[in-house]
Amino acid sequence: PPLGRVCVTTQKAEEGSRGGDEESLREELQRLRATVIALRREEADAREKLMQSEAESYQKDKLLQEMLASAKGGKGVPGEALDQLREDLQLVLHVKGQSFQTRQQLDEKDNKLVTIQQELKATQAHGLEEEVASAKAQAKAMAEEWQKMAQDGGSAAVFMSLRQEAAAL
């Protein structure tokens, strides 16, 4: 009996240290989750600002294009310079259009990635549930086997009495 108490005391001490580690890990997990949420908000805000800036820039570019289309060369301003400005502006608008399309493709791929990650999480959770159910079934079978051995009067009876004593502590 004293041996059983020593083992139980040692076991409780180990569980206590694991409990502290577990608690600190849980706190760290909460902190990391809060950080992730804050970073996702920042990302969403940055994307929104970027989209607004792009829309505003596009509007200003269109206005500039209209102004250049109606501009007439004056004294000291050769017509070739205005033509060159118009061409350069067309090139800028073309590049911005390509950038916008590329960003849309990136957003679509990001959305697809998020969908796949969510599916993986669901699949992993389902797999874990199956593993837990299997482990429970194994534990139940082992408990029944121990119970049967205890009834037969084997060495399991000593173990069961120590286990009951430990549970009482």
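Residues numbered from 1 in each chain as written. Predicted model: local features only at pLDDT ≥ 70, side-chain atom pairs only at ≥ 80, totals over all residues. Heavy atoms only, no water.

K.L.:
Would you explain the confidence of the model for the protein chain in this entry?
P.N.:
Fine structural detail should not be taken from predicted coordinates in areas where pLDDT scores are low. In this model, the protein chain carries an average pLDDT of 78, and 78% of its residues clear a pLDDT of 70 or more. Averaged over each element, pLDDT in the protein chain is lowest for helix H3 (residues 156–168) (66) and highest for helix H2 (residues 79–152) (82). Contacts from residues 1–15, a stretch scored under 50 in pLDDT, to residues over four places away or in other chains number seven contacts. (pLDDT = per-residue confidence, 0-100. Helix = DSSP H or I, 4+ residues; strand = E, 2+ residues; numbered from the N terminus. Contact = heavy atoms within 4.5 Å.)

K.L.:
Help me understand the pattern of salt bridges, please; the structure alone is not making it clear to me.
P.N.:
When their charged atoms lie close together, side chains carrying opposite charge are able to pair. Per the counting criterion, the structure on display carries nine salt bridges. Between Glu 56 and Lys 60 there is a salt bridge; the shortest N-O distance is 3.1 Å. With Glu 56 and Lys 60 both in helix H1 (residues 2–70), this residue pair falls four residues apart, about one helical turn. We classify Glu 56 as partly exposed; its relative accessible area is 44%. For Lys 96, the salt bridge is made with Asp 61, and the minimal N-O distance between the two is 2.5 Å. Taken together, the residues Lys 96 in helix H2 and Asp 61 in helix H1 connect sequence positions 35 residues apart. Judged by its relative accessible area of 11%, Asp 61 falls in the buried class. Beyond isolated ion pairs, a larger network of salt bridges with shared partners links Glu 43, Arg 47, Asp 107 and Asp 110. (Salt bridge = Lys/Arg side-chain N within 4 Å of Asp/Glu carboxyl O. Buried < 20%, exposed > 50% of the residue type's maximum accessible area, 1.4 Å probe, protein only.)

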